[in-house]
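The chain contents come next:
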Amino acid sequence: MEKTISKQKYSTNELIPVGIYLHIPFCTTKCGYCDFNAYANLDYLVPDYTSSLIKEIKLWKKSLSNHSVKSIFFGGGTPSLTSITDLNHIIATIFATFNVSSDVEFTLEANPTELTEEHLHKMRELGINRLSMGVQSMNPKELQLLERSHSPEQVINVIKAARKVGFNNLNLDLIYGLISQNLLPWKETVEEILEYHPEHLSCYALTIEPGTPLYYRVEKGLLPEPNPDIAAEQYEWTRKRLDDAEYIQYEISNWSKKNYQCIHNLIYWRNKDYLGIGAGAHSYFNGKRFANIDAPNRYIELVNNSYTEWENKKHIVMKQITSDETPDLATTQSDTAILGLRLIEGINFDDYKKRFDVDISQLYSKAISKHLKTGLLEKTETSLKLSSKGLLLANELFVDLLPDNESHLINKLGD
């Protein structure tokens, strides 16, 4: 399926903020719990994939001519497997093609096993200023359960090396609610990580995703299911402990030191424009949601067959885009409400009315009234937000905000 993306017209010279996501789908091994669009043993595709990624960036030049790139995010997969030479080519193309903000947040996801001090130093030289590392646990047995190939010692070594070469914005991903994990080992992981003062922490509950090896092991009775009550206890402890450590919780699963919130993810949660580039990358841009084909080999083929219609320069043909939709007003209002409520600050009444010319309290009066009574919501003079109880049971509320009970956004967000 090929898609035509029209060139957007604006009545103002002001540049519109946008985030850029680049998907690197390659991994050394794929973890048993992972359902991301990632592949092991496809290293032979890397040169052609890099070339295709660069071509897709260039294809978007006209469409982003009125935009300012506020964040660049390399995700995966394992972007840190990408060679410095390839990263240099990709990054140089981004800066040559788009209007990149002088204070752009520039994140690269990484695994501890691939990062040497020399590699980290060269990444900093390329302008990458935020490192996001998949730690998950500091317990060797838990890492083995998750099929992670790194050790706690490697995590510590990479943190020290990253600090040495100048990374002063470090995010660490952690997973709680693991199978047979009680509160104590989770506490030990968090306490050990806090010794190294990361600027940002993302703490997610383990979800057993259909189609993953971990799902089949649980389904066959080889492993027990995670205990949701213990996960809730771990989450509540985490909120208090990180508050004591002077981290600000600004989203259901995310904490940061002051002024270190993830700009890129805030674009998602505020339902603003972002462009996904690469195999399986998703976008919300110019009022449309669309996604590239998942398979890296087909992505390469289709990008190379995409083109600009030179006889009519108003649009380009993107063959790698295999699904798209233009959400109607009700869906956009719902998406913005659900995503906004993930933020601890919640939804500002004035901001929502300015965007949609409607009072959110009237638009969702039934759901809001219901969940003020259930205790999942709190209402202030200026905003609507999740309560402490609502942070644990958010999906029960989100379902009531969906148009026609569609659950696409909740499924995509997960926990």
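Reference entry: report on the structure contained in this document. (Residues numbered from 1 in each chain as written. Predicted model: local features only at pLDDT ≥ 70, side-chain atom pairs only at ≥ 80, totals over all residues. Heavy atoms only, no water.)

### Quick notes on the nonpolar core
- Core analysis: the largest hydrophobic core is formed by 97 residues, its most contacted members being Leu-22, Trp-60, Phe-74 and Leu-120.
- Top contributing element to this core by residue count: helix H5 (residues 152-165), with seven residues.
- The contact partners of Phe-74, leaving out residues within four places of it in the chain, are Leu-22, Ile-24, Pro-79, Leu-87, Ile-90, Ile-91, Phe-106, Thr-107, Leu-108 and Glu-109. (Core = buried A, V, L, I, M, F, W, Y, C linked by side-chain atoms within 4.5 Å. Buried < 20%, exposed > 50% of the residue type's maximum accessible area, 1.4 Å probe, protein only. Helix = DSSP H or I, 4+ residues; strand = E, 2+ residues; numbered from the N terminus. Contact = heavy atoms within 4.5 Å.)

### Notes on the pattern of salt bridges
- Counted under the stated rule, the structure contains ten salt bridges.
- With a closest N to O distance of 2.7 Å, Glu-191 and Arg-241 form a salt bridge. With Glu-191 in helix H6 (residues 183-194) and Arg-241 in helix H8 (residues 228-244), this pair connects stretches of sequence that are 50 residues apart. (Salt bridge = Lys/Arg side-chain N within 4 Å of Asp/Glu carboxyl O.)

### Considering the environment of Leu-384
- Tracing the sequence through the fold places Leu-384 in strand E20 (residues 383-386).
- When the C-alpha atoms of Leu-384 and Ile-321 are compared, they prove to be 36 Å apart, with 63 residues separating the residues in sequence.
- Look past the residues within four positions of Leu-384 in its chain and what remains in contact with it is Leu-341, Glu-345, Gly-346, Ile-347, Phe-349, Ile-368, Leu-377, Glu-378 and Lys-379.

### Brief notes about the state of the cysteines
- Inspection of the entire model under this criterion finds zero disulfides.
- Here Cys-262 stays unpaired: no disulfide links it, and the sulfur of Cys-203, its closest cysteine neighbor, is 14 Å away.
- Residue classification places Cys-262 among the buried positions, given a relative accessible area of 1%. (Disulfide = S-S within 2.5 Å.)

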